[in-house]
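Spelled out from the first residue to the last, the chains are:
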Amino acid sequence: MRVSKAVIPAAGLGTRFLPATKATPKEMLPIVDKPSIQYVVEEAVGAGLDDILVITGRSKRPLEDHFDRNVELEAALEAKGDQDRLDLVAASNDLANIHYVRQGDPLGLGHAVLVAERHVGNEPFAVLLGDDLIDPRDPVLARMIAVREQRGGSVLCLMEVPSDQISLYGCAAVQPTDTHDVLAVTDLIEKPAVEEAPSNLAVIGRYVLDPAVFAVLARTRPGRGGEIQLTDALRELARMPVAEGGGVSGVLFDGRRYDTGDRLSYLQANILLALDRDDLGPALRAWLPTVLDSEGP
Ligand code: G1P
């Protein structure tokens, strides 16, 4: 069955960005001049997924407003004849069919995905985590969907990280397959200590999941941090036969990716994406060396 639905968990409190996130959802913080969640929605749409479910929570209403019309603003820009800005405002109105459901108690990423069950039904679906920004120049989701179509089961996005960073991620034990960028996942551990990590392959926040994940999540006990972990459910799926919705593959990703939930990486994402822009790139490129020189080492 074709993958057509995407789930975007967005119920987190964004405490790493306080005070900015006191009254504003972290997903609305801009990368250059676009809210980070819009990049994620555009990525899903770019991979052919036009039915999007955002898992929200309290104080996330600005997300819904952003993907809806702003009639007053549009009228004001139209009256001024400012077509360029009108296009920017309208771009997020009709990107996709976007639905919202609240998570209620924030019991972890696995729980957020379980909340999507009624909307997703018995179809394979994608999950995109907003804290992971995949550079729009290096899309990976379409490849993951193609691997799901070939191999069945669920598909993870895996990226090599320095071993001292593996404890920040889910970590996969893998075996090679006939295809150079595809690995068979044999085991998973959520945020292992470096000496327990079976590899330096980190799970990045893009998933294509078999609907069998829902039944497994429903019986998954709280794991690391007292939260219901998606990684723990995937670990079980990795041990189940493909005929029962099990089997987990990994697509090796070596493109550009930023953890926008981390302040330093967030700043880097802003600079790197601005450097690539025609309107900002040349001036920023000229300015950066001067500020580095004047600040000293
Ligand atoms: C989540 C997952 C983790 C994954 C990471 C990717 O962790 O639980 O397995 O590696 O996203 O960003 P979080 O960063 O939300 O704690």
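For the structure given in this document, a descriptive report is provided here.

The rules behind the values
Residues numbered from 1 in each chain as written. Predicted model: local features only at pLDDT ≥ 70, side-chain atom pairs only at ≥ 80, totals over all residues. Heavy atoms only, no water. 1 Å grid on protein atoms, 1.4 Å probe; cavity = no way out; pocket = protein on both sides within 12 Å on 5 of 7 lines; lining within 4 Å. Points joined across faces, edges and corners; volume = space filled by probe spheres on them. Helix = DSSP H or I, 4+ residues; strand = E, 2+ residues; numbered from the N terminus. Nonpolar A, V, L, I, M, F, W, Y, C, P; charged D, E, K, R; others polar. Buried < 20%, exposed > 50% of the residue type's maximum accessible area, 1.4 Å probe, protein only. Arc of directions from axis to C-beta. Contact = heavy atoms within 4.5 Å. Salt bridge = Lys/Arg side-chain N within 4 Å of Asp/Glu carboxyl O.

Attention now moves to the layout of surface pockets. Quantified by volume, the largest pocket comes out at close to 1200 Å³. If you go around the largest pocket, you meet 44 residues; those closest to its centre are R16, K26, L129, D131 and K191. Mapped onto the lining of the largest pocket, the elements with two or more residues apiece are α1 (36-46), α5 (109-115), β11 (201-209), α9 (230-239) and β13 (257-259). Take the lining of the largest pocket: its biggest share by element is four residues, from β11. Taken together, the residues of the lining of the largest pocket sort by class into 19 nonpolar, 14 polar and eleven charged. When its volume is computed, the second largest pocket comes out at roughly 470 Å³. Along the wall of the second largest pocket there are 20 residues; nearest its centre are Q38, H66, L88, V89 and S92. For the lining of the second largest pocket, the secondary structure elements donating two or more residues are β3 (34-35), α1, α2 (61-66), α3 (71-80) and α4 (83-91). Of the residues forming the lining of the second largest pocket, the biggest block, four residues, is contributed by α4.

Burial in helix α7 (residues 141-151) covers these residues: L141, M144, I145, V147 and R148. Across the axial projection of α7, the buried residues extend over an arc of 160°, all falling on one side. In α7, the exposed residues that point more than 90 degrees away from the buried face are E149 and Q150. Those residues of α7 that are buried are in contact with α1, β6 (125-128), β8 (154-160), β10 (182-190), β11 and β12 (248-252). G152 sits one or two residues past α7 and shows a positive phi near 70°.

A full pass over the atoms with the stated rule returns 20 salt bridges. Salt-bridge contacts for R235 lead to D187; the nearest nitrogen and oxygen are separated by 2.8 Å. Residue R235 is found in helix α9, and its partner D187 is found in strand β10; the two are separated by 48 residues along the sequence. Relative accessible area serves as the criterion here: at 31%, R235 is assigned to the partly exposed category. Between E236 and R219 there is a salt bridge whose closest N-O contact spans 2.6 Å.

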